[in-house]
Amino acid sequence: MLDTLAQYLAANPDQILTLTGVYSPVENNKTEQANLGLARADALKQYILGEKEALEENIRIAAQPIDNSLIYGGKLIGGVNFSFDEKKEAEQVAAKPLPEKTEAEGTKKAPHLIITFSKGEYELDKAYEEKLDGLKRYLRDNPDKIAKLKGYSQASEEKVKAGDLAELRARSVRRYLVDSGVRRKQIETSGKSETNAHHVEIVIE
């Protein structure tokens, strides 16, 4: 199939192929790419290119986070999605300047955040405060939205820590948001123990 795609692109230089790799934020990324979605897409791109360096401008890569429910038996369901666009249309979209946004307008789209913790710990790392400040502004501007903080921990961690470590991690993030002025009723926390997880996932509903 990939060989056929390479032949198609060579015969249709006006086409742009976008490879969108899917990934779960809880996956362990050991690649040089920012996430495994980009790594998966780039792996296919390099195969399709082969010796055809001229196709470099005809292939783009992107990434899309997915819900953890798409991981079954430790394996990701899905992988990379393919889509085609006319080269002129794609270039016009890329060249179109983005409108200037005010701070309030720029926070209309809710961020999907993953806050990781050191093994056995539940204190919030200050490195995440900048990202959480963006979430704080979003919640203030959207009082009808709820931030669901889903804490995760490993069973081995729970054995050495008193209390529900997964829940404590979620509460640690909640404490920072509430202390920053977010209304408590806009935040819900929960905890869950998994095989290999030590983070808090923030979902906006």
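It should be noted that the structure appears before, not after, this text.
Position numbers for residues start from 1 in each chain and track the written sequence from start to end. For this predicted model, a pLDDT threshold of at least 70 governs which residues receive local features, and a threshold of 80 or more governs which side-chain atom pairs are given and counted, while totals over whole chains, interfaces and linings are taken from all residues. Side-chain calculation: all heavy atoms of the structure are included, whereas hydrogens and water are not.

Peer 1: Help me understand the overall build of the protein chain, please; the structure alone is not making it clear to me.
Peer 2: We count a stretch as a helix when DSSP gives it H or I for four or more residues in a row; a strand needs E for two or more, and each element gets its number in order from the N terminus. When helices and strands are counted, the protein chain shows seven helices and nine strands. Counting over 205 residues, the protein chain shows a buried share of 37%. The contact criterion used is simple: two residues touch if any of their non-hydrogen atoms lie within 4.5 Å. A separation of at least 24 residues holds for 78% of the contacts in the protein chain among residues at least 6 apart in sequence. Accessible area for the protein chain stands at about 12700 Å²; split by element, carbon and sulfur atoms hold 48% of it. Between buried and exposed lies partly exposed: a residue is buried under 20% and exposed over 50% of the maximum accessible area for its type, with that area taken using a 1.4 Å probe on protein chains only. Exposure was quantified through the Shrake-Rupley algorithm and a 1.4 Å probe, taking into account, for residues, occlusion by the shown protein chains and nothing else.

Peer 1: I'm lost on the sheet that holds strand 2 (residues 59–65) in this one. Help?
Peer 2: Paired through their backbone hydrogen bonds, the strands of a sheet run either parallel or antiparallel. When DSSP finds two or more bridges between a pair of strands, those strands are recorded as paired. The mixed open sheet is built from three strands, whose spatial order is 2-1-5. Only two strands of the sheet have a single partner each, and these edge strands are strand 2 and strand 5 (80–86). Mean inter-strand twist for the sheet, computed between neighbouring axes without regard to direction, equals 25°. Sheet topology note: the strand 1 (residues 15–23)/strand 5 ladder contains seven bridges and is antiparallel. Within the sheet, the bridge partner assigned to Leu-19 lies in strand 5 and is Phe-82. Angles here are taken between N-to-C directions and fall from 0 to 180 degrees, while the axes themselves are lines fitted to C-alpha atoms, restricted in helices to the stretch in contact.

Peer 1: Would you mind showing me how to read the pattern of salt bridges here?
Peer 2: Charged atoms that come close allow side chains of opposite charge to pair. Salt bridge, as used here: a side-chain nitrogen of Lys or Arg that lies within 4 Å of a carboxyl oxygen of Asp or Glu. Tallying each qualifying case throughout the model produces five salt bridges. Note that Asp-133 and Lys-136 form a salt bridge whose closest N and O atoms lie 3.7 Å from each other. Of this pair, Asp-133 and Lys-136 both sit in helix 5 (residues 129–141), three residues apart, roughly one helical turn. The partly exposed category is assigned to Asp-133, whose relative accessible area is 22%. For Lys-136, a relative accessible area of 15% corresponds to the buried category. Here Lys-148 and Glu-205 are joined by a salt bridge, their closest N and O atoms 2.9 Å apart.

Peer 1: Mind showing me how you'd approach the layout of surface pockets here?
Peer 2: Rolled over the atoms, a probe sized like a water molecule indicates the empty space that remains. There is about 480 Å³ of room inside the largest pocket. Buriedness of a pocket was judged along seven lines, with at least five required to meet protein on both sides within 12 Å; pockets are open sets of points on a 1 Å grid over the protein atoms alone, cavities are sets where a 1.4 Å probe fits but cannot get out, and lining residues have an atom within 4 Å of a point. Around the largest pocket, the lining comprises 21 residues; the ones closest to its centre are Pro-25, Val-26, Glu-27, Ile-114 and Thr-116. Residue classes follow a fixed rule: Ala, Val, Leu, Ile, Met, Phe, Trp, Tyr, Cys and Pro count as nonpolar, while Asp, Glu, Lys and Arg count as charged, and any other residue, Gly among them, counts as polar. Residues that form the lining of the largest pocket fall into these classes: ten nonpolar, nine polar and two charged. Grid points are joined across faces, edges and corners, and a volume is the space filled by probe spheres set on the points.

Peer 1: Honestly, the nonpolar core in this entry has me stumped. Any pointers?
Peer 2: Nonpolar side chains in soluble globular proteins generally cluster together in the buried interior. Residues belong to one nonpolar core when they are buried, are Ala, Val, Leu, Ile, Met, Phe, Trp, Tyr or Cys, and are joined through side-chain atoms within 4.5 Å. If you look at the biggest cluster of nonpolar residues, it comprises 20 residues, and the most contacted ones within it are Ile-115, Leu-132, Leu-135, Leu-149, Val-173, Leu-177 and Ile-202. Those elements that provide at least two residues to this core are strand 6 (113–116), helix 5, strand 7 (147–154), helix 7 (165–179) and strand 9 (199–204). Contacts of Leu-132, omitting those with residues within four sequence positions, involve Leu-113, Ile-115, Leu-124, Val-173, Tyr-176, Leu-177 and Ile-202.

Peer 1: Any chance you could explain the packing of helix 1 (residues 2–11) against helix 2 (residues 36–49) here in plain terms?
Peer 2: Two measures define how a pair of helices packs: the angle their axes make with one another and the distance between the axes. The geometry of helix 1 relative to helix 2 is characterised by a closest axis approach of 9 Å and an angle of 65° between their N-to-C directions. Between helix 1 and helix 2 lies a crossing of right-handed hand. Contacts between helix 1 and helix 2 pair Leu-2, Asp-3, Leu-5, Ala-6 and Leu-9 from the former with Leu-44, Tyr-47 and Ile-48 from the latter. With the far helix as reference, a near helix turned anticlockwise by less than a right angle produces a left-handed crossing, and one turned clockwise produces a right-handed crossing.

Peer 1: Help me understand the environment of Leu-55 in this model?
Peer 2: Summarising the element assignment, Leu-55 is placed in the loop between helix 2 and strand 2. Taking the C-alpha atoms as reference points, Leu-55 and Leu-9, separated by 46 residues in sequence, lie 7.2 Å from one another. In this structure, Leu-55 is in contact with Ala-6, Leu-9, Ala-10 and Leu-49, ignoring residues within four places of it in sequence.

Peer 1: Explanation requested: the pairing of strand 9 in the structure shown.
Peer 2: Where a strand is regular, its side chains alternate between the two sheet faces. Most of strand 9 sits out of view: six of its six residues are buried. Burial along strand 9 is two-sided: the face carrying His-199, Glu-201 and Val-203 and the face carrying Val-200, Ile-202 and Ile-204 are both buried. Of the pairings in the sheet, the one linking strand 6 to strand 9 comprises four bridges and is antiparallel in character. Bridge pairing links Thr-116 to His-199 in strand 9. Summarising the sheet, strand 7 and strand 9 pair through five bridges and their orientation is antiparallel. In the sheet register, Lys-150 faces strand 9, and the bridge partner there is Glu-201.

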